Structure formats: structure tokens, C-alpha cells
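Below are the chains, spelled out letter by letter.
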Amino acid sequence: MIRTVESEPQASPPVLAAYSYCEAVTGRQARNFAYGIRLLPTPQRRAMSALYAFSRRVDDIGDGALAHDVKVARLEETRALLTRIREGEVDEDDTDPVAVALSHAAGHFPIPLGGLDELIDGVLMDVRGETYETWDDLKVYCRCVAGAIGRLSLGVFGTEPGARGVDRAPEYADTLGLALQLTNILRDVREDAVGGRTYLPADDLAKFGCSAGFSGPRPPEGSDFVGLVHFEVRRARALFAEGYRLLPMLDRRSGACVAAMAGIYRRLLDRIERDPEAVLRGRVSLPGREKAYVAVRGLSGLDARHVTRRTVRRRA
């Protein structure tokens with residue numbers, strides 16, 4: 001993959017307006033994501049905002065209060081729109097700003113738009129209320145809703161010419177997406193349970209006596225909830241360690257973006273590990289000043305250098 005060019009793609013006023021709309025959506029709703037992409041050059045930041053705005057639309061359909069059949073129909077309509085974008089059928093004066101921005105971004109960056117089809121597939125799994133017996137089953141879902149986003153983002157970032165092992169960059173981007181999604185699942189375990197959703201694998205829940213679920217602010221009676229959380233935290237840490245191998249393959253600012261987003265989630269994971277039952281009492285989050293610190297650390301290249309040194313030691 002060739003590194004993306006940092007010069008500004010030519011954009012007409014309607015396209016710039018469409019990007020502005022997507023950036024507003026991202027700034028208003030993305031929180032952790034927004035901290036990372038603000039480190040990117042303008043063309044990449046706009047393209048990432050377009051990806052986010054389209055993804056947000058898909059997620060909102062799945063999470064909304066519409067009837068099951070209406071959700072399925074809306075998701076298939078969104079898939080049809082994606083096909084129009086992929087085939088270059090969206091004009092700059094189209095009334096849908098997200099479609100205009102994503103179409104422009106896809107024309108200037110090698111974005112694998114099939115990843116958004118995977119996202120729609122994953123949200124359809126939510127709409128159907130699917131549950132997961134094993135980690136391998138859950139991975140299929142995580143790859144659709146998060147691993148695909150990692151691969152889409154890599155299309156915007158590109159890779160550094162001559163970077164070692166660059167053929168594995170999509171695999172590492174996918175794995176980092178899995179790490180972020182598993183962290184999300186742990187953070188939102190109570191919120192998801194209240195909404196009637198269970199993501200953690202059924203065999204893990206059974207192993208730790210948690211099959212009764214998490215509808216209250218305390219773990220199920222007689223369960224080893226702390227053991228369950230620590231087990232899943234170790235799994236997420238292994239995914240982060242593997243996915244972080246992507247960092248040395250990116251240019252400085254793309255690497256900073258990825259390090260910032262991943263770093264925020266790793267710190268969330270640290271908080272969850274220190275106090276597992278906090279996820280049953282409310283949403284675990286980081287204060288803005290800590291997110292800013294993580295972003296600065298990413299921009300400094302500390303995480304990328306750490307991964308590079310660790311990789312070299314393993315190869316020695």
C-alpha cells in the first residue's frame with residue numbers, strides 16, 4: 001500500500017460543505033474517535049469524518065427504536081447507497097452530505113468500501129439479537145463492526161514506503177479493531193444487558209458463573225465476575241499487543257492518530273481491570289485531560305517507538 005499524499009485533494013464548495021457536516025457529526029458524537037483524528041492532516045481528517053458519519057448512520061439504525069422489519073429495510077437502503085457511492089453515482093450536488101463526502105474521499109484514497117458492507121452485516125446481527133457461544137463466534141461480529149473499521153481507516157492512512165512486514169498491515173488494523181471492540185463490550189456490559197443484548201461468549205459466562213447476566217449493579221450471586229473481567233482484559237491486552245505492530249508501518253501523524261485512539265481504550269481497560277464492578281455501576285470513561293495526554297503521547301511517537309523496540313527484541 002502506498003502512503004497517502006498529504007496534499008489537499010481539490011474539493012468544490014458542495015464537497016467542502018459535505019465534509020463540514022461530517023466533521024460536525026464526528027465532533028458531536030465520536031468523543032474518543034475525535035481525539036485521534038484531530039491529529040491527522042486535513043485531507044485524512046475529513047476522509048475519516050466521512051467514514052465515521054456513514055458508520056454512525058448504520059449504528060443509529062441498529063440502536064434506534066424502529067421496528068425490526070423497518071431496521072432491516074433501512075439497513076438495506078443504506079447498503080444500496082453504499083453501492084451507489086462505490087460505483088461513482090453520487091453527484092456533488094446530491095442532497096445527502098454523508099454520501100457526497102464519502103464518495104469524494106473514496107475517489108482520493110484507496111478505501112476498501114466493502115468494509116462498510118461488513119459493518120452493515122454486523123449491525124444486522126444486532127438487529128437479529130444474535131448471541132455468541134464462543135470467542136471465535138464473537139470474533140466474527142467484532143470483525144464486522146470494528147475490525148472492518150480498522151481496515152477502512154488503513155485505506156486513508158496508507159503505509160510508509162519500505163516499512164517491514166507491510167503486507168500484514170490490514171491484519172494488524174483488523175486486530176486492533178477487535179481490541180477496541182472487546183474493550184467496548186466490557187465497558188458497556190450493564191448498558192447492553194439492560195437493552196437486552198449479551199456479547200460476551202456464553203462459554204466464558206458459564207465458566208465464571210455469570211450466565212444469569214448483568215441486569216443489576218452487582219454481579220450475579222455466587223459468580224466470579226472479577227475473574228471473568230480479568231480473563232477478558234487479558235484477551236484484549238493480547239489483541240492490543242498484536243495490533244500495535246501496525247504503528248511502525250504508518251507515517252508519524254497517522255501513527256499518532258492510531259496511538260491516541262488505542263491508547264484511550266487501553267487506559268479504559270486499565271480502569272476496568274482495577275475496579276471490575278465499576279462497569280455494573282455506570283459507564284467507565286476518561287476525563288478530557290487524560291485523553292489529551294494520550295493524544296500528545298501518540299504525537300510524540302512514544303508508542304510507535306516502544307512497539308518497534310519490542311518487535312526488534314522478539315526477532316533477535
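Fair warning: this is a prediction, and the values are worked out from it, not measured in the lab.

Section: the pattern of salt bridges
Summed over the entire model, instances satisfying the criterion amount to 25 salt bridges. We note a salt bridge from Arg57 to Asp96, for which the minimum N-O separation is 2.8 Å. Highlighted residues: Arg57 in helix α3 (residues 42-63) and Asp96 in the loop between α4 (68-86) and α5 (97-108), separated in sequence by 39 residues. Taking relative accessible area as the criterion, Arg57 reaches 26% and is therefore assigned partly exposed. For Asp121, the salt bridge goes to Arg79, with nearest N and O atoms at 2.9 Å. With Asp121 in helix α6 (residues 114-127) and Arg79 in helix α4, this pair connects stretches of sequence that are 42 residues apart. For Asp121, a relative accessible area of 33% gives the class partly exposed.

Some points on the packing of α3 against α5
Two measures define how a pair of helices packs: the angle their axes make with one another and the distance between the axes. Contact pair α3 / α5: the axes reach a minimum separation of 9 Å and the direction vectors enclose 135°. Judged on the interaxial angle alone, α5 and α3 are oblique. For the pair α3 and α5, the crossing hand works out as left-handed. Facing α3, whose interface residues are Ala47, Ala50, Leu51, Ala53, Phe54 and Arg57, α5 presents Val98, Ala101, Leu102 and Ala105.

Some points on the packing of aromatic side chains
If you walk through the whole model with that rule in mind, you get 5 aromatic pairs. Summarising the aromatic geometry, the rings of Phe208 and Phe231 are spaced 5.7 Å apart at their centres and angled 45° between planes, so their arrangement reads as tilted. In this pair, Phe208 sits in the loop between α10 (202-207) and α11 (225-243) while Phe231 sits in helix α11, placing the two residues 23 residues apart along the sequence. Residue Phe208 is classed as buried on the basis of its relative accessible area, which comes to 15%. A ring pair is formed by Phe240 and Tyr244, whose centres lie 6.3 Å apart and whose planes are at 75°; its orientation type is edge-to-face. The class of Phe240 is buried, set by a relative accessible area of 2%.

Rules and cut-offs
- Residues numbered from 1 in each chain as written.
- Predicted model: local features only at pLDDT ≥ 70, side-chain atom pairs only at ≥ 80, totals over all residues.
- Heavy atoms only, no water.
- Salt bridge = Lys/Arg side-chain N within 4 Å of Asp/Glu carboxyl O.
- Helix = DSSP H or I, 4+ residues; strand = E, 2+ residues; numbered from the N terminus.
- Buried < 20%, exposed > 50% of the residue type's maximum accessible area, 1.4 Å probe, protein only.
- Axes fitted to C-alpha atoms, helices over the stretch in contact; angles between N-to-C directions.
- Parallel < 35°, antiparallel > 145°, perpendicular 65-115°, else oblique.
- Left-handed = near helix turned anticlockwise from the far one by under 90°.
- Contact = heavy atoms within 4.5 Å.
- Phe/Tyr/Trp six-rings, centres within 6.5 Å; stacked < 30°, edge-to-face > 60°.

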